[in-house]
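# Residue-level structure breakdown
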Amino acid sequence: MRANKFSTHHSFKLDWANKATTTICIMTNRLAQTKSLYLRKHAENPIDWWPWCDEALATAKSQDKPIFLSIGYSSCHWCTVMEGEAFSDQAIAEYMNANFLPIKVDREERPDIDSIYMQALQMMSGQGGWPLNVFLSPEDLVPFYAGTYFPLEPKYNRPGFLQVLEALRRYYDTEKEDLRQRKALIVESLLTSAVLKGEATQEAEESELLRSGWETNTGVITRNEYGNSFPMIPYAELALRGTRFNFASRYEGEQISTQRGLDLALGGIYDHVAGGFHRYTVDPTWTVPHFEKMLYDNGQIVEYLANLWSAGVQEPSFARAVTGTVAWLQREMTAPAGYFYAAQDADSFTTPTDTEPEEGAFYVWSYAELEQLLTPTELTELQQQFTVSPQGNFEGKNVLQRRHQWELSATIETALGKLFVARYGSAADTLETFPPAQDNQEAKTTHWPGRIPSVTDTKMIVAWNSLMISGLARAAAVFQQPLAGELAAKAANFILENQFVDGRFYRLNYRGEAAVLAQSEDYALFIKALLDLHAATPENRFWLEKAIALQQQFDEFLWSIELGGYFNTASDASQDLIIRERSYMDNATPSANGVAIANLVRLSLLTDDLHYLDLAEAGLKAFKTVMSSAPQACPSLFTALDWYRNSTLIRSTIEQINSLTPQYLPTVAFSVVSSLPDNSVGLVCQGLKCLPSANSVEQLLQQVQQSQNRG
């Protein structure tokens, strides 16, 4: 509806001209001094890039230059393509520098900026993606045009980038009244979205709302028949949660939840040779991935597979995928200080003399390579168990995707071990750490014993580290993996010791230096990670105490007293934003408010402080309209509603609790007590009341199951 609004009112004609351009290499610009890998990748562009800062915004305003805002991230393939094409072109640079104020933003540094302008793009075009290229009016930072990838020359039914620039500058100079009206519509829609104006046609009861939300979101992840396949873990997690209810489609939900786990653990999205999950696959069959590995995906998938296992779906490929991912994380993604790196690129060089990296080169195998590396018996069995053929399934080469469930044979494991050696130059059991290539130059000039690896973005992002900590904490409890717990604790301690400056919480860390005030997702996900660590080691109150302290700061700086819920940014860090958003939509990561509200319920259980429950209730009320009208947008809010409706506290001895933590109890918190009534094994509390003390483990579990199904 919003996209149509903009396309039918105040539209303007872009008069494209077909002009030739010449690409040459130019000096470095301001971005060479930045810490972001993504920004530094643009440091040699001839475009006179600015980072997002007060000076850049003031300069654009004083010179009356429209701002060209380009947002992306280091492992974004089409961001890399546009950097090498349009942003490296001399004619485009000359026109851009003379007529616009160009600003580059790393969305991983500033998700608040990205969220606002991505929403504007979706309003204008009905779709989004990265690179996100937006044109802003300099006096108020309101967008008036937006797009994603612009090719150097006209192709793919898209105009060439120089023609876009010329048409938009002409529009900015000559169509002032149309520009004013267009911006007014955009601002109105952004503000309406920010305050969630409007009422649902019918306010559902909470129990009915939970049921309908579960059914809608479970339907979202049914196997698609075309297009890309994404993990979509917030949806899968909600689908799994709902299988304990007596919903009519409960058994369908069980099948869908299990199938999502199988797609992930068996598919080409998982690196069967060395562990870790790629971002998504470019097909509906989970075969060929887009090869970047993002920390946030891996954290969520590890937690989900552990939950599936604890729910009784004990498919061996789940345990293998979790173990392999923990090994990959320790080997390639853990800094010496203990935190986790952000991402690994999709592209890599095949030889040091290559001018451009090749997508997937580090991960795929030609049939000739396989014939050379493996015995005939190993290759035959590999073809039986994986999608391997002389023709290949990706540009003549092979992405490994499993054909069957259950355990792999010793022959296959030996074959995969040989492929590991070919890729890394050492056997997996002797390679404790594999140093990251921190940029293309380092990748090409370092002597690698195997293949040249993809570039690793080594910055620390609190929110992404938190997702990984939560996954590791759950894996440690479910699979009894001490290494997972150790990695989680070390990363959490790094954040606690390094991400507070003058008492304030910070989002990023570049080689020991904290940067950028934390945003709502950093607070919410790290508090969840601390609570998950406490759940895995309930006898240790350290993690709980740190969660309580951080929640206090979260409430002080980001809670919306007037509207309920949490703003994306702190009250003293929003001056350069045209609106303050409250994130409720799930994307590749769960929404900040969904996670935060669930955290509040858990804190109320663990502290007996009803103030947390009051905030949770206010948060759910704030988003109830969108939960009713657009449930498919916000599965994490329904997870929070599940916690609110079915919250359960088990008070028992540490021995009894340790026997329960590996089980799937999605709305349960644990509290260790030193003594219980005679003949009692534990006490189950449902929200604001407690049940009679349980005299046997069987009675305790019966009470817990009943308590988790109240809603």
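Residues numbered from 1 in each chain as written. Predicted model: local features only at pLDDT ≥ 70, side-chain atom pairs only at ≥ 80, totals over all residues. Heavy atoms only, no water.

Counting secondary structure elements, the protein contains 26 helices and 20 strands. Taking 27 Å as the expected radius of gyration for a compact globule of 711 residues, we find that the protein reaches 26 Å, a close match to that expectation. Residue burial in the protein is summarised as follows: out of 711 residues, 59% are buried. Sequence-distant contacts in the protein: of pairs separated by 6 or more residues, those separated by 24 or more amount to 68%. In the form shown here, the protein has an accessible surface area of approximately 27,900 Å², with 50% of it arising from carbon and sulfur atoms. Averaging the positions of the 57 positive and the 84 negative side-chain charges in the protein gives two centres separated by 3 Å. (Helix = DSSP H or I, 4+ residues; strand = E, 2+ residues; numbered from the N terminus. Rg over C-alpha atoms; globule rule 2.2 N^0.38 Å. Buried < 20%, exposed > 50% of the residue type's maximum accessible area, 1.4 Å probe, protein only. Contact = heavy atoms within 4.5 Å. Areas by Shrake-Rupley, 256 points an atom, 1.4 Å probe, with all protein chains shown as cover. Lys, Arg positive; Asp, Glu negative; His and termini not counted. Charge placed at Lys NZ, Arg CZ, Asp CG, Glu CD.)

Taking strand neighbours across the sheet as the criterion, the three strands line up as β8-β9-β12 in an open arrangement whose pairing is antiparallel. Taken across any chain shown, the strands that pair with only one partner, and hence form the sheet edges, are β8 (293–294) and β12 (456–457). (Pairing = 2+ DSSP bridges.)

The amide bond that connects W130 to the next residue, P131, takes the cis arrangement and shows omega of 5°. Assignment of secondary structure puts P131 in the loop between α6 (111–125) and β4 (132–136). The phi angle at D502 is positive, at roughly 50°, despite the residue not being glycine. Within the element layout of this structure, D502 appears in the loop between β14 (500–501) and β15 (504–510).

Below, the discussion takes up the packing of aromatic side chains. Per the stated rule, a full pass over the model turns up 37 aromatic pairs. Ring geometry for F554 versus Y566: centroids 3.9 Å apart, planes at 15°, classification stacked. Remark: Y566 occurs in the loop between α21 (542–558) and α22 (592–607) and F554 occurs in helix α21; sequence separation between them is 12 residues. Cluster of aromatic residues (ring-pair linked, three or more members): W49, F68, F87, F100, F135, F144, Y145, F150, F161, Y171 and Y172. Positioned above the aromatic ring of W365 is the side chain of R451, whose terminal nitrogen or guanidinium carbon lies 3.9 Å from the ring centre. One Lys or Arg, R504, reaches over the ring of F557 and ends 3.6 Å from the middle of that ring. (Phe/Tyr/Trp six-rings, centres within 6.5 Å; stacked < 30°, edge-to-face > 60°. Lys NZ or Arg CZ within 6 Å of the ring centre and 35° of its normal.)

It is worth spelling out the sheet that holds strand β17 (residues 648–652) at this point. Sheet strands pair via backbone hydrogen bonds, and the direction of the pair is either parallel or antiparallel. Spatially, the four strands line up as an open sheet ordered β18-β17-β19-β20, and their pairing is mixed. Two strands bound the open sheet, and with one partner strand each, they are β18 (668–672) and β20 (689–690). Looking at chain direction, β17 and β18 are connected through five bridges and run parallel. The partner of T648 across the bridge, within β18, is V668.

Mean pLDDT over the protein stands at 91; residues scoring 70 or higher make up 95%. Note that pLDDT drops below 50 for residues 1–26; the model gives that stretch 66 contacts with residues more than four away or on any other chain. Taken as a whole, residues 198–203 scores under 50 in pLDDT and shows five contacts with residues more than four places along the chain or in a different chain. (pLDDT = per-residue confidence, 0-100.)

Turning our eyes to something else, we now look at the layout of surface pockets. The gaps of empty space that remain are located by a probe, the size of a water molecule, rolled over the atoms. Roughly 1,100 Å³ of volume is contained in the second largest pocket. In terms of lining residues, the second largest pocket is bounded by 44 residues, among which K41, T80, E83, E356 and N440 are the most central. Elements with a minimum of two residues in the lining of the second largest pocket: α2 (37–40), α4 (77–84), β10 (347–348), β11 (358–359) and α17 (440–445). The element best represented in the lining of the second largest pocket is α4, accounting for six residues. A class-by-class count of the residues in the lining of the second largest pocket yields 18 nonpolar, 14 polar and 12 charged. Composition of the lining of the second largest pocket by domain shows at least three residues from each of domain 1 (30–195) and domain 2 (245–457). (1 Å grid on protein atoms, 1.4 Å probe; cavity = no way out; pocket = protein on both sides within 12 Å on 5 of 7 lines; lining within 4 Å. Points joined across faces, edges and corners; volume = space filled by probe spheres on them. Nonpolar A, V, L, I, M, F, W, Y, C, P; charged D, E, K, R; others polar. Domains from an automatic or database assignment.)

Our next topic: the UniProt feature "domain: Spermatogenesis-associated protein 20-like TRX" (unreviewed entry) in the protein. Taking the UniProt record as the reference, the feature "domain: Spermatogenesis-associated protein 20-like TRX" (unreviewed entry) is found at residues 28–190. Secondary structure across residues 28–190 divides into 47% helix and 15% strand, with the first and last C-alpha atoms of the span separated by 36 Å. (UniProt positions renumbered as here; feature names shortened; annotations may be inferred.)

Quick look at the domain arrangement of the protein now. The domain architecture assigned to the protein consists of domain 1 (30–195), domain 2 (245–457) and domain 3 (647–710). Centre-to-centre, using C-alpha coordinates, domain 1 lies 35 Å away from domain 2. Residue-level contacts link seven residues of domain 1 with 12 residues of domain 2. Summed over both sides, the interface of domain 1 with domain 2 buries roughly 810 Å², with 45% coming from carbon and sulfur. Here domain 1 is connected to domain 2 by one salt bridge. With a closest N to O distance of 3.2 Å, D345 and K41 form a salt bridge. Our count for the contact surface shared by domain 1 and domain 2 stands at two residue pairs in polar contact (both at pLDDT 80 or more). Among the residues forming the side of domain 1 that touches domain 2, the class breakdown is two nonpolar, three polar and two charged. (Buried area = accessible area lost by both parts, 1.4 Å probe. Salt bridge = Lys/Arg side-chain N within 4 Å of Asp/Glu carboxyl O. Polar contact = N/O pair within 3.5 Å; in protein donor to acceptor, adjacent residues only side chain to side chain.)

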